[in-house]
Amino acid sequence: MIEKETAAVGDEPQLRTRRALLKGLAAGSVAAAGSLPALAHAASPAATKWAAEADVLIVGTGIAGTAAALAAASKGASVIMLEKMPFKGGTTAKSGGVFWIPDNAWLASQGIADNRADALRYMVRLSYPHRYVESEPLLGISQAEYDLIATFFDNAAKVVKTLSASTGLKPMPWYTWEGKPFPDYYAQLPECKVPRGRSLVPDISGHAERIVWPQNGGGGESLLWQLQQGFDKLPIQMLLEHQVQDLIRDSAGAVIGLKVDRGDAEPVNFRAKKAVIFCSGGFTHSVELSRAHLKGHIWGGCAAPGSTGDFIAIAQKAGAVLGNMSNAWWGQIAVEVALKTRSVPQDIWSTPGDSMIQVNRYGHRWVNEKIQYDERAQSHFVWDPVKAEYPNLLGFMIWDARTAKLFAGYDPIPAANAKLDHVIEGKTLEDLAKNIESRLTSIAAKTGNLKLDKDFLANLKASIKRYNGYAKAGRDPDFSRGEAPIETAFHFMAVPKVANPNPNLLMHPIADAGPYYATIVGAGTLDTKGGPVVNSQGQVLDALRKPIPGLYAAGNCVAAPAGQAYWAGGGTIGPAMTFGYLAGTAALAEPVRSA
């Protein structure tokens, strides 16, 4: 069954304080992990009083936790899912609900063979590009790294098939506005032998017709809804507003339970007869952890507000080793939105518009504006060793009245006749530059006092002139805009096809006369993907790479099997679903431990 209310027991003032904290998290006023309640010491099992018990305790209610719960409960195990927020679903619920599944049933139905060796080469090539060696048996990476990627390929389609047979899940291909299956993010690479059809979505149409998935999310809730149909018939209990503080371990070091803050006067203890599985999200909204570990500065992200990295300290205390901490599922975001609310509604998935460019503080284009969001975001991390600065720390997306009209409502461009605080306007380019400088002054205390270079306006005019020439010719020799399949797929993701008489559909000259518009852009995340290292069964490993008995994890709270890569749309949810299910299955092999 699903229980949506917390156990409201105990001291009422403390309960109000607890709920106030959760409301603060939901609003984006997010505490760093270091400011969370102090970790409790593991109790002596003999003296432990249990508030509740189940065969498996699962922390988090997103896709990884849901898959883990289904795997365990479908085999008769009792499950309690603990969610610290007052709502379920985590970052999955905010997502588009796309899941990337190689060698899936739809591909097979079309007679498309997704060869294992070819798929592994594609994945490893992107996950570890600095170490990839095609001629080596393990492709240049370690056995443990290879095993995780191979396990994903070997099990992803099987997991989806099993879930489809036992739940309401109805997978179908994710289609583009062109009526084609979505391409992988690097479909143009020679290693990508199956360039389209691996990205799936839940069919919410009632029949398997071709639909274009909305760029602003919504599919994630549908995905969870389909999977959770039938939860009430399984031994699954879901408890909201239950924040896990620590593990409880027996004298041999095995995990036998959790210390949980549910708003009572004191934390209570939950017993896990067999295992605990963490699926609690990344650390995007811990400023402390983000600054300490990520390879570049982020301003926020669209991860659920509860993604504060709680599991990292909890697992470290149990001896877990960390991995992949510098990487994230990157996404470019509107900086001024993030300065108000770190948990932004969405990232800028595909920079909208054709008469549009992005420039840095010098007025120079520095990136392919249409390349996928994760790569655009990382371009903000470039370091200039001569000037000792990050020249692209902040960027400026600039567009004209054509793009404002034809791509209205496609974030960050406002809907028709709407006004958004983060959009800067100017009647001329001179006026726009002045207003951008004024806006930078207003937020200077939060941006390291970043200012436009003295030559910004002159360089901006030159950049527009140069870009306009490329748009008329149909080719961008500077940044190859419009050449990769994913760029065209994303271009009309949320708007009708816009007529463009120029050779390159993604490029149109910027108007010679205003008005002009701009928004400040910077790096963010969908969520992070570093944390405790796990093996192919989802067991959390200690510093000696040995499993910590009774402790499993999956999803964004662990060191992602994907390494630095974002293979395709759904490259987050596909592995989380797969490894969550595998962890839920493996946990059942644990012995029942005495309390």
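Residues numbered from 1 in each chain as written. Predicted model: local features only at pLDDT ≥ 70, side-chain atom pairs only at ≥ 80, totals over all residues. Heavy atoms only, no water.

(A) Quick peek at the overall build of the chain. Regarding its fold elements, the chain presents 16 helices and 18 strands. Across the 595 residues in the chain, those meeting the buried criterion constitute 61%. Counting only contacts in the chain whose residues sit at least 6 apart along the sequence, the fraction spanning at least 24 positions is 77%. Within the structure as shown, the chain displays about 22,300 Å² of accessible surface, and the carbon and sulfur contribution to it stands at 54%. (Helix = DSSP H or I, 4+ residues; strand = E, 2+ residues; numbered from the N terminus. Buried < 20%, exposed > 50% of the residue type's maximum accessible area, 1.4 Å probe, protein only. Contact = heavy atoms within 4.5 Å. Areas by Shrake-Rupley, 256 points an atom, 1.4 Å probe, with all protein chains shown as cover.)

(B) Just the packing of helix 2 (residues 63-73) against helix 7 (residues 219-228), in detail. At a minimum axis separation of 11 Å, helix 2 and helix 7 run at an interaxial angle of 10 degrees. Regarding the angle of helix 2 to helix 7, the classification is roughly parallel. On helix 7, the residues that touch Ile-63, Thr-66 and Leu-70 of helix 2 are Leu-223, Leu-224, Leu-227 and Gln-228. Grouping the constituent residues of the contact of helix 2 with helix 7 by class yields five nonpolar, two polar and no charged. (Axes fitted to C-alpha atoms, helices over the stretch in contact; angles between N-to-C directions. Parallel < 35°, antiparallel > 145°, perpendicular 65-115°, else oblique. Nonpolar A, V, L, I, M, F, W, Y, C, P; charged D, E, K, R; others polar.)

(C) Focus on the pairing of strand 5 (residues 199-202). Where burial is concerned, the two faces of strand 5 agree: the one with Ser-199 and Val-201 and the one with Leu-200 and Pro-202 are both buried. Alignment of strand 3 (residues 99-100) against strand 5, held across two bridges, turns out to be antiparallel. In the strand pairing of strand 5, Phe-99 is matched with Leu-200. Where strand 4 (residues 171-173) meets strand 5, three bridges bridge the pair, whose relative direction is antiparallel. Pairing of Pro-171 across the sheet is with Pro-202, part of strand 5. (Pairing = 2+ DSSP bridges.)

(D) Broad picture of the sheet that holds strand 5. The strand order across the open sheet formed by three strands is 3-5-4, and the pairing between neighbours is antiparallel. A single partner strand is all that each edge strand has here, and the edge strands are strand 3 and strand 4.

(E) Geometry of the nonpolar core. If you look at the biggest cluster of nonpolar residues, it comprises 133 residues, and the most contacted ones within it are Met-123 and Met-577. Considering each element in turn, this core owes the most residues, ten residues, to helix 6 (residues 143-166). Look past the residues within four positions of Met-577 in its chain and what remains in contact with it is Ile-63, Ala-67, Phe-99, Val-159, Val-160, Leu-163 and Leu-223. By size, the runner-up hydrophobic cluster in this structure holds 28 residues, among which are Val-268, Phe-278, Ala-320 and Ala-553. (Core = buried A, V, L, I, M, F, W, Y, C linked by side-chain atoms within 4.5 Å.)

(F) Layout of unusual backbone geometry. Note the cis peptide between Asp-411 and Pro-412, where omega equals 10 degrees. Along the polypeptide, Pro-412 turns up in the loop between helix 12 (401-406) and strand 14 (424-426). Here Gly-514 and Pro-515 are connected by a cis peptide whose omega angle stands at 10 degrees. Within the secondary structure layout, Pro-515 lies in the loop between helix 15 (485-491) and strand 15 (516-528). Residue Ala-388 is not a glycine yet carries a positive backbone phi of 55 degrees. Residue position: Ala-388 is located in the loop between helix 11 (373-378) and strand 13 (395-400). The backbone phi angle of Ser-480 is positive, close to 60 degrees, even though this residue is not glycine.

(G) Region of the structure containing the pattern of salt bridges. This model, assessed by the stated rule, comprises 24 salt bridges. Arg-271 serves as the salt-bridge partner of Glu-53, at 3.1 Å between the closest nitrogen and oxygen. Note that Glu-53 is positioned in strand 1 (residues 50-59) and Arg-271 in strand 9 (residues 268-278), a separation of 218 residues in sequence. Residue classification places Glu-53 among the partly exposed residues on the basis of a relative accessible area of 40%. A residue is classified by how much of its surface remains accessible, and Arg-271, at 13% relative accessible area, is buried. With its nearest N and O atoms 3.0 Å apart, the salt bridge here joins Lys-84 to Asp-310. Here Lys-84, found in the loop between strand 2 (79-82) and helix 3 (90-94), pairs with Asp-310, found in helix 9 (residues 310-317); they are 226 residues apart in sequence, far enough to count as distant. Here the salt bridges do not stand alone but share partners, grouping Arg-365, Glu-369, Asp-476 and Arg-481 into one network. (Salt bridge = Lys/Arg side-chain N within 4 Å of Asp/Glu carboxyl O.)

(H) Molecular detail of helix 14 (residues 456-473). For helix 14, with 18 residues, the first-to-last C-alpha span of 26 Å sits near the 26 Å given by 1.5 Å per residue. Taken residue by residue, helix 14 has Phe-456, Asn-459, Leu-460, Ser-463, Ile-464, Tyr-467, Asn-468, Tyr-470 and Ala-471 as its buried positions. Residues of helix 14 that are buried sit in contact with strand 12 (356-359), strand 13 and helix 13 (429-442). Directly after helix 14, the chain includes Gly-474, whose backbone phi takes a positive value near 90 degrees. (Expected span 1.5 Å × (residues − 1).)

(I) Representation of the side chain of Glu-389 in the model. Tracing the backbone shows Glu-389 in the loop between helix 11 and strand 13. With relative accessibility at 17%, the residue Glu-389 sits in the buried group. Among the polar contacts listed, one links the side chain of Glu-389 to the side chain of Tyr-362, at a separation of 2.4 Å. Apart from residues lying up to four places away in sequence, Glu-389 is in contact with Arg-361, Tyr-362, Val-382, Trp-383 and Asp-384. (Polar contact = N/O pair within 3.5 Å; in protein donor to acceptor, adjacent residues only side chain to side chain.)

(J) Representation of helix 13 within the structure. Taking 1.5 Å of rise per residue, 14 residues should cover 20 Å, and helix 13 covers 20 Å from first to last C-alpha, within 8% of that figure. Residues of helix 13 that are buried: Leu-429, Leu-432, Ala-433, Ile-436 and Leu-440. Looking down the long axis of helix 13, one finds its buried residues gathered within 100 degrees of arc, a one-sided arrangement. Opposite its buried face, helix 13 presents the exposed residues Lys-434, Thr-441 and Ser-442, each directed more than 90 degrees away. Where the residues of helix 13 are buried, they touch strand 13, strand 14, helix 14 and strand 15. (Arc of directions from axis to C-beta.)

(K) Looking closely at the pairing of strand 1. Relative to strand 9, strand 1 is paired through eight bridges, and the arrangement is parallel. Within strand 9, the position partnered with Ile-58 by the bridge is Ile-277. Across four bridges, strand 1 lies against strand 2 in parallel orientation. By the bridge assignment, Leu-57 is partnered in strand 2 with Ile-80.

(L) Quick peek at the packing of helix 13 against helix 14. At their nearest, the axes of helix 13 and helix 14 sit 10 Å apart, and the two run at 130 degrees to each other. The orientation of helix 13 with respect to helix 14, classified from their angle, is oblique. The way helix 13 lies across helix 14 gives a crossing that is right-handed. Contacts between helix 13 and helix 14 involve Leu-429, Glu-430, Ala-433 and Ile-436 from the former and Phe-456, Leu-457, Leu-460, Lys-461 and Ile-464 from the latter. For the contact of helix 13 with helix 14, a count of residues per class yields seven nonpolar, no polar and two charged. (Left-handed = near helix turned anticlockwise from the far one by under 90°.)

The analysis is restricted to geometry; functional conclusions fall outside its scope.
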